[in-house]
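A structural walkthrough
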Amino acid sequence: MSRLASPNIQASGIVRRLRPSELPLFRDHLMRLDPESRRDRFNGAASDAFLERYAERCFREGATVVGYVEGMRVLGAAELHERPELDPPTGEIAFSVEKKLQHCGIGSLLFKRLIAHARALGYTQLRVTTHPQNDAMRRLARKFKARLSFEEGETVGHIVLDDVPFVDDAEPDLSTAAVG
Ligand SMILES: CC(C)(COP(=O)(O)OP(=O)(O)OC[C@H]1O[C@@H](n2cnc3c(N)ncnc32)[C@H](O)[C@@H]1OP(=O)(O)O)[C@@H](O)C(=O)NCCC(=O)NCCS
């Protein structure tokens, strides 16, 4: 059973892949990101219009989008995008958790689930890009044995899936997380 770290957060959602019809929920999640999280997620400013086009493109191009879902709202997301030009088969991954739920374990749950999807799709390697000051993403990546390096002012994490231990990917039960 997966538990969230913060005793102060009421979390009762599940982590699951989003269906095609849930594109608007994903888009609304991205639009609710506060300015700092938007900047961290997209490595720069991102307007609502950009986020709308971005969400639509994710679904149109077949990215795997896993959400942290509470009721009818997506409050966190992990994306897996194919980078067909890279060899061996490589996916680009990205994460977003809404501010009030950050730092209580949801990013780790999303990461774990995304790795299971990446394995199922036959990827052997993942890449994650952020800026060098993004401590949360750097710590999250390290938890999953990403090798981090700097490339042109960005931090790029390389994850070799064979190096990541298999973990129990049972549907996380967050219903016990509200203890505060
Ligand atoms: C990066 C992000 C997805 C992490 O999600 P999260 O739900 O907060 O992650 P977790 O709670 O599972 O924490 C993961 C690790 O990061 C650490 N962490 C979380 N927030 C942190 C913060 N603000 N500062 C430093 N470390 C932090 C946690 O302590 C944990 O490390 P530990 O297990 O070694 O203690 C979230 O902060 C976020 O959405 N940020 C904005 C978007 C972004 O930066 N995306 C990444 C670029 S694609």
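Conventions we followed
Residues numbered from 1 in each chain as written. Predicted model: local features only at pLDDT ≥ 70, side-chain atom pairs only at ≥ 80, totals over all residues. Helix = DSSP H or I, 4+ residues; strand = E, 2+ residues; numbered from the N terminus. Axes fitted to C-alpha atoms, helices over the stretch in contact; angles between N-to-C directions. Left-handed = near helix turned anticlockwise from the far one by under 90°. Contact = placed C-beta atoms within 7 Å. Nonpolar A, V, L, I, M, F, W, Y, C, P; charged D, E, K, R; others polar. Near = placed C-beta within 6 Å. Buried ≥ 20, exposed ≤ 12 C-beta atoms within 10 Å, placed from the backbone. Pairing = 2+ DSSP bridges. Right-handed = clockwise from strand over helix to strand, strands pointing away. Expected span 1.5 Å × (residues − 1). Arc of directions from axis to C-beta. Core = buried A, V, L, I, M, F, W, Y, C linked by C-beta atoms within 7 Å.

**Brief notes about the overall build of the protein chain**
Secondary structure summary: the protein chain contains 5 helices and 7 strands in total. Listed by position from the N terminus, the elements making up the protein chain come as β-α-α-α-β-β-β-α-β-α-β-β.

**Things to note about the packing of helix H1 (residues 23-32) against helix H3 (residues 48-60)**
Contact geometry of H1 with H3 gives a least axis separation of 9 Å together with a crossing angle of 145°. As H1 runs across H3, the sense of the crossing is right-handed. In this structure, H1 uses Leu23, Phe26, Arg27, Leu30 and Met31 to contact H3, whose residues at the interface are Asp48, Leu51, Glu52, Ala55, Glu56 and Phe59. Considering only residue class, the contact of H1 with H3 consists of 7 nonpolar, no polar and 4 charged.

**Focus on the site of the ligand**
Around the ligand, 22 residues are found, and the nearest of them are Asp40, Gly107, Ser108, Ala136 and Arg139. Where the shell around the ligand is concerned, the elements lending two or more residues are helix H2 (35-42), strand E4 (90-97), helix H4 (106-120) and helix H5 (135-143). Counting residues per element, the shell around the ligand draws most heavily on H5, which supplies 6 residues. Looking at side-chain class alone, the shell around the ligand contains 8 nonpolar, 9 polar and 5 charged residues.

**Focus on the environment of alanine 118**
Secondary-structure assignment places alanine 118 in helix H4. Between the C-alpha atoms of alanine 118 and glycine 91, which are 27 residues apart in sequence, the distance is 7.5 Å. Other than its neighbours up to four places away in sequence, alanine 118 contacts Leu80, Gly91, Tyr123, Leu126 and Leu161.

**Structural notes on the pairing of E4**
For E4, a buried count of 6 out of 8 residues is recorded, marking the element as mostly surrounded by other parts of the structure. Examined bridge by bridge, E4 and strand E5 (residues 125-130) share 4 bridges and lie parallel to one another. When the sheet's bridge partners are listed, isoleucine 93 is paired in E5 with valine 128. Note that the unit made of E4, H4 and E5 has a crossover that is right-handed.

**A word on the sheet that holds strand E1 (residues 14-17)**
With mixed pairing, the 7 strands of this open sheet are ordered in space as E1-E2-E3-E4-E5-E7-E6. In this open sheet, the two edge strands, each paired with only one partner strand, are E1 and strand E6 (147-151). When the angles between neighbouring strand axes are averaged without regard to direction, this sheet yields 25°. Across the sheet, H4 is in contact with E1, strand E2 (64-70), strand E3 (73-82), E4 and E5; its angle to E3 comes to roughly 35°.

**Some remarks on unusual backbone geometry**
That bond from aspartate 87 to proline 88 is cis: its omega, 5°, falls within 30 degrees of zero. Phi at lysine 145 is positive, roughly 60°, even though this residue is not glycine. Note on lysine 145: 14 C-beta atoms within 10 Å, which makes it partly exposed.

**Comments concerning H3**
Turn by turn, an α-helix covers 3.6 residues, leaving residues three or four places apart pointing in a common direction. Given a rise of 1.5 Å per residue, 13 residues ought to cover 18 Å, and the 18 Å separating the end C-alpha atoms of H3 matches this to within 8%. When we look at burial in H3, the residues that qualify are Leu51, Ala55 and Cys58. Burial along H3 is one-sided: seen end-on, the buried residues are contained in an arc of 60°. Residues of H3 that are exposed and point more than 90 degrees away from the buried face comprise Ala49, Arg53, Arg57 and Arg60. Contact partners of the buried residues in H3: H1, E2 and E3.

**Considerations on the nonpolar core**
Proteins that are soluble and globular tend to have nonpolar side chains buried together. Core analysis: the biggest nonpolar cluster contains 38 residues, and Ala78, Leu110, Phe111 and Leu114 have the highest contact counts within it. If you list the elements that add at least two residues to this core, you get H1, H3, E2, E3, E4, H4, E5 and H5. Ranked by residues supplied to this core, first place goes to H4 with 7 residues. Once you skip the residues sitting within four places of it in the chain, phenylalanine 111 turns out to touch Ala78, Phe95, Leu140 and Phe144.

Distances and angles like these do not, on their own, reveal function.
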